[in-house]
Amino acid sequence: MSKQVLNVELREQTGKGISRRLRAAGRVPAVVYGKGIEPVAVSLNQRELSEAIAGVGGRNHILTVNGAGELNGANVIVADLLVDSLKGTPRHVDLHKVNLADKVKVHVQLRLTGTSAGVKAGGFLDFALHEVEVECLPVHIPEAIKVDVTELLVGHTLHVSDVVAPVGTVILNDPKAPVVSILGRKGGEGEEAAV
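Residues numbered from 1 in each chain as written. Predicted model: local features only at pLDDT ≥ 70, side-chain atom pairs only at ≥ 80, totals over all residues. Heavy atoms only, no water.

### Focus: the UniProt feature "domain: Large ribosomal subunit protein bL25 beta" (unreviewed entry) in the protein
Residues annotated by UniProt as "domain: Large ribosomal subunit protein bL25 beta" (unreviewed entry) correspond here to residues 103-184. The span residues 103-184 is 5% helix and 44% strand, and its two end C-alpha atoms sit 41 Å from each other. (UniProt positions renumbered as here; feature names shortened; annotations may be inferred. Helix = DSSP H or I, 4+ residues; strand = E, 2+ residues; numbered from the N terminus.)

Structure follows, in structure tokens:
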């Protein structure tokens, strides 16, 4: 998992008005919280935040806080991100301070690999679960978990229990939850898959 530096500034004022002024100036209001510390109001550059959480793994990148007094050098991950629905820009972010020796719970994307034998035979792929919750040390947070679907036939379903968790991680979702299914075509050979 990559580590990036995030420059932040402490802010004394909070509220709707100051948040609007920060956004107009290209900054994003944020709060840093975690075990053993009081929540701290900060602001950060919108572009820096977008670059830090861009790409695969996105919000699960470990970010090192720079320039926030006692928080200087602290490791954080994005706990919650509010995005403007029209512009797609960050409006507010919650940063969770993490200890690299303590396990954290995060959501990780599932990435399908291969082409299913059932799809080649004319079936439809139904990707029901796009991410799973995992528990691991912050340095073991995977960018994504690959799920191989090449062996799936029409009428077969891959469940959470079939997903191989990377070393050092535990998947917390219901093991019986379906991840991906191959559904048969209507009017085909009478095969209609049940999820």
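### Brief notes about the pattern of salt bridges
Close approach of charged atoms allows side chains with opposite charge to pair. Counted according to the given criterion, the structure contains two salt bridges. For R91, the salt bridge identified is with D84, shortest N-O distance 3.8 Å. (Salt bridge = Lys/Arg side-chain N within 4 Å of Asp/Glu carboxyl O.)

### Points about the sheet that holds strand β9 (residues 131-136)
Within the open sheet, the four strands sit side by side as β10-β7-β9-β12. Their pairing is mixed. Whereas interior strands pair on both sides, the edge strands pair on one side only; in this sheet they are β10 (144-148) and β12 (170-171). (Pairing = 2+ DSSP bridges.)

### Regarding the pairing of strand β7 (residues 104-113)
Pairing analysis gives six bridges linking β7 to β9, with the strands arranged antiparallel. Note on β9: the bridge partner recorded for Q109 is E131. As paired elements, β7 and β10 share five bridges and run parallel to each other. Each bridged residue has a counterpart across the sheet, and for Q109 the counterpart in β10 is A144.

### Some details on the nonpolar core
Core analysis: the largest hydrophobic core is formed by 24 residues, its most contacted members being V134, I145 and V163. A domain-level breakdown of this core finds at least three residues from each of domain 1 (5-98) and domain 2 (105-184). Residue contacts for V163: discarding those within four places in its chain leaves L110, I145, V147, L158, I171 and V179. (Core = buried A, V, L, I, M, F, W, Y, C linked by side-chain atoms within 4.5 Å. Buried < 20%, exposed > 50% of the residue type's maximum accessible area, 1.4 Å probe, protein only. Domains from an automatic or database assignment. Contact = heavy atoms within 4.5 Å.)

### Some thoughts on the side chain of T64
Relative to the helices and strands, T64 is located in strand β4 (residues 62-66). Note on T64: relative accessible area 18%, which makes it buried. A distance of 3.4 Å separates the side chain of T64 from the side chain of N75, its partner in a polar contact. (Polar contact = N/O pair within 3.5 Å; in protein donor to acceptor, adjacent residues only side chain to side chain.)

### Some thoughts on the domain arrangement of the protein
By the assigned domains, the protein splits into domain 1 (5-98) and domain 2 (105-184). Opposite the six residues of domain 1 that make contact, domain 2 presents nine residues. Where domain 1 abuts domain 2, roughly 590 Å² becomes buried across the two surfaces, and 64% of that area is made up of carbon and sulfur atoms. Seen at the junction of domain 1 and domain 2, the total is zero salt bridges. Here domain 1 is connected to domain 2 by one residue pair in polar contact (both at pLDDT 80 or more). Each residue belonging to the side of domain 1 that touches domain 2 can be placed in one class, and the counts come to four nonpolar, two polar and no charged. (Buried area = accessible area lost by both parts, 1.4 Å probe. Nonpolar A, V, L, I, M, F, W, Y, C, P; charged D, E, K, R; others polar.)

### Notes on the environment of L137
Mapped onto the fold, L137 is located in the loop between β9 and β10. Each C-alpha atom of the pair L137 and D102 lies 6.0 Å from the other, and the pair is 35 residues apart in sequence. Contact partners of L137, with chain neighbours within four places excluded, come to L100, A101, D102, K103 and G168.

### Quick word on helix α1 (residues 16-24)
Within α1 the residues assigned to the buried category are I18, S19 and L22. All buried residues of α1 fall inside an arc of 100° around its axis, so they share one side. In α1, the exposed positions that point more than 90 degrees away from the buried face belong to K16, R20, R21 and A24. On its buried face, α1 is in contact with β2 (27-34) and β3 (37-45). At the exit of α1 stands G26, carrying a positive phi of roughly 85°. (Arc of directions from axis to C-beta.)

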